[in-house]
Amino acid sequence: MKDQKKKLLIAIDPGFDGGKIVINNSLVLNVPYVAQDITSAEMDDSVIRADSANYICYDNGGRKYCVGSFAKRSMLDVRRANTEDKYRIASFYDVRRRFSSEEFKICFESIIGYALIRYEEATKKTESPFTCSDLLNYDLIIGIALPHEHLKALWEEMKPFVNGEHEFNLTVGLQKSRKFKFTFAKSMAYSQALSAFYCAMANNDGSNRYPLDSFAPAIVILAGYKTLERFEYSRTGVILVGDDNNPSNEVYAMYNVNHDVVERIQREIPGSTVTEYEIESSIYSGKETFNVLDADKNLVAVPVATYRKEALKKKCLEMIENTRENFDYFRTTSTILVAGGTGAQYYEYIKDWCDSQDTLKDKAILVTEEINGVTYDSVYAVAIGLAKILKDNYA
C-alpha cells in the first residue's frame, strides 16, 4: 500500500500592502507583494543581501527579480521611476489587472518559496521537521483569499496558473540559491471578507469557537490599502452585502485617504506635485513631515503624518455613515467586526462611534488571533481565517 503523503496547508492573502501567508496554521509571515526586475540592472546586491535576511531574489528562465521590502522601496521611489515603471505601479494597484499581471505571478511563487524556506527553519528542531528538498513527499494544498466582489471572475482567470507547474530558483539573504519545482494537489479561492469573519469565529483547528448567536447579526468591515469590503452575516448564515450590492468599495480604502492628503497639499501649496505613493512611502518610513516644491521651486515642509491622521478620521466617519445607510442603520446589528491593515487604523474611530451609541456600546471588535503564543494583529486576519478553513476542509 502506497504511503499517504504528508500535507502542507498554505493560505495566502495577496493584499496590496503585503502578501500574508500561513503554513500549516503555524508559520505566519507578511512580505510586501512587489517585484522589481533586476535582470539587466547594474547593481551589486551583496550589500543588500548582507543587510537583510529577508532579501529575496527570484530567478526564472534567466529573468531575475528582487521581491519584497527592497522592491517595495524601489516601487515607491517615484522620483526615480521612468514612464514604464509609473504605468506598472498604476496597473499593479488596479484591483482587476493586478491579479492577472506577470508581477503578481512572480510574487506569488516567490512568497511561497520564501515561506517554505522559513518553515524549514522553524521546524528544524521539532518532531516533524520539514525540508524543501522533500517537497515531493508532500501534498501542497493552497488557499487564496480574493476580493469578495471579484472572487469568481478572478479565480477563473488565475486557476490555470495556480494549478500549473511552478519551477523557479530563489535566493534568500546570504543563503545559496534554492531550486523549487512543485504543483498543488488541491487549490481553492475564498472571499477575503469571509476569511476574516472565520478568523474570529473558529478555533485554530477549524472548529467553531463560538455559537453563531454570540456574534450575529454581525457587520464585517475588512479594510485594506485598495479595497474595503463590508457584509452582514445573519443568524441563519445568510450573507447580505447591502443595498448597493457592492461590498468592495474602493472609496473608503487607504489609497483614497492618501488621495485626500494629496488634494489638500495641492490646494494649500499651488503648483506642488505629489502622489499617493509618495504619501504612502513617507508614512511607511515613519516620517512626520514631507518636503514638496511650490510653484517657485522652494521647498515647503508638509506635516504629512498630521494630514494623514486627519484624513483617516474623516474618511472613516464617512464610511461609518455609508455603512449605516447600506445596512438598515444597524437596527438589528449585534456586533461590528473590523479587520485588515486599514481596518486596524480605522478601529479607534469605529469603536469611539459605537461606544457613543446605546445599542452598540462595546460591540466593536478588532479581529486578532493568537498562534503558538504569538498574537497577530488584524492585518493577518484574512490569511489566518483562510488557514482555519483549509484545516477544517483538508486536515
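Quick note: structure is the one above.
Residues numbered from 1 in each chain as written. Predicted model: local features only at pLDDT ≥ 70, side-chain atom pairs only at ≥ 80, totals over all residues. Heavy atoms only, no water.

Caption draft 1: Inspection of the sheet that holds strand β6 (residues 63-67) at higher detail. An order of β4-β6-β5-β8-β9 is seen for the five strands of this open sheet, with the pairing classed as antiparallel. A single partner strand is all that each edge strand has here, and the edge strands are β4 (35-37) and β9 (178-182). Strand after strand, the sheet turns through a mean of 30° between neighbouring axes, direction not considered. Two elements, strand β5 (residues 56-60) and strand β8 (residues 166-172), share four bridges in a ladder whose sense is antiparallel. Within β8, the residue paired with tyrosine 58 across the bridge is leucine 170. Strands β4, β5, β6, β8 and β9 of the sheet are contacted by helix α5 (residues 102-123), whose axis makes an angle of about 60° with β8. (Pairing = 2+ DSSP bridges. Helix = DSSP H or I, 4+ residues; strand = E, 2+ residues; numbered from the N terminus. Axes fitted to C-alpha atoms, helices over the stretch in contact; angles between N-to-C directions. Contact = heavy atoms within 4.5 Å.)

Caption draft 2: Quick peek at the side chain of asparagine 25. Along the chain, asparagine 25 turns up in the loop between β2 (18-23) and β3 (27-31). Using a relative accessible area of 10% as the deciding quantity, one classes asparagine 25 as buried. At 2.2 Å, the side chain of asparagine 25 forms a polar contact with the backbone oxygen of asparagine 204. (Buried < 20%, exposed > 50% of the residue type's maximum accessible area, 1.4 Å probe, protein only. Polar contact = N/O pair within 3.5 Å; in protein donor to acceptor, adjacent residues only side chain to side chain.)

Caption draft 3: Up close: the sheet that holds β3. Pairing within the open sheet is mixed, and its five strands lie in the order β3-β2-β1-β7-β10. The sheet terminates laterally at β3 and β10 (186-191), the two strands that pair on one side only. Across the sheet, the mean angle separating the axes of adjacent strands is 20° when strand polarity is ignored. The pairing of strand β1 (residues 6-15) with strand β7 (residues 138-146) spans seven bridges and is classified as parallel. The residue bridging alanine 11 from the neighbouring strand is glycine 143, located in β7. The strands touched by α5 within the sheet are β1, β2, β3 and β7, with β3 carrying the most contacts at an inclination of about 140°. Across the face of the sheet, helix α7 (residues 192-201) comes into contact with β1, β7 and β10 while running at roughly 90° to β10.

Caption draft 4: Fine view of the pattern of salt bridges. Counted according to the given criterion, the structure contains 15 salt bridges. Note that arginine 331 and aspartate 328 form a salt bridge whose closest N and O atoms lie 2.9 Å from each other. Judged by its relative accessible area of 65%, arginine 331 falls in the exposed class. We classify aspartate 328 as partly exposed; its relative accessible area is 39%. Between glutamate 369 and lysine 388 there is a salt bridge; the shortest N-O distance is 2.3 Å. In this pair, glutamate 369 sits in strand β18 (residues 369-371) while lysine 388 sits in helix α12 (residues 381-394), placing the two residues 19 residues apart along the sequence. On the basis of relative accessibility, which here comes to 7%, the residue glutamate 369 falls in the buried class. (Salt bridge = Lys/Arg side-chain N within 4 Å of Asp/Glu carboxyl O.)

Caption draft 5: Representation of the packing of helix α10 (residues 304-326) against helix α11 (residues 341-355). Following both chains from N to C, one finds α10 and α11 inclined at 55°, their axes separated by 9 Å at the closest point. With respect to α11, the axis of α10 lies oblique. Note on packing geometry: the crossing formed by α10 with α11 is right-handed. Every residue of α11 that contacts α10 at Arg308, Lys309, Leu312, Lys313, Lys315, Cys316, Met319, Ile320 and Arg324 is listed here: Gln345, Tyr346, Tyr349, Ile350 and Trp353. Considering only residue class, the contact of α10 with α11 consists of eight nonpolar, one polar and five charged. (Parallel < 35°, antiparallel > 145°, perpendicular 65-115°, else oblique. Left-handed = near helix turned anticlockwise from the far one by under 90°. Nonpolar A, V, L, I, M, F, W, Y, C, P; charged D, E, K, R; others polar.)

In short, the description is geometric, and any link to function would need to be established separately.
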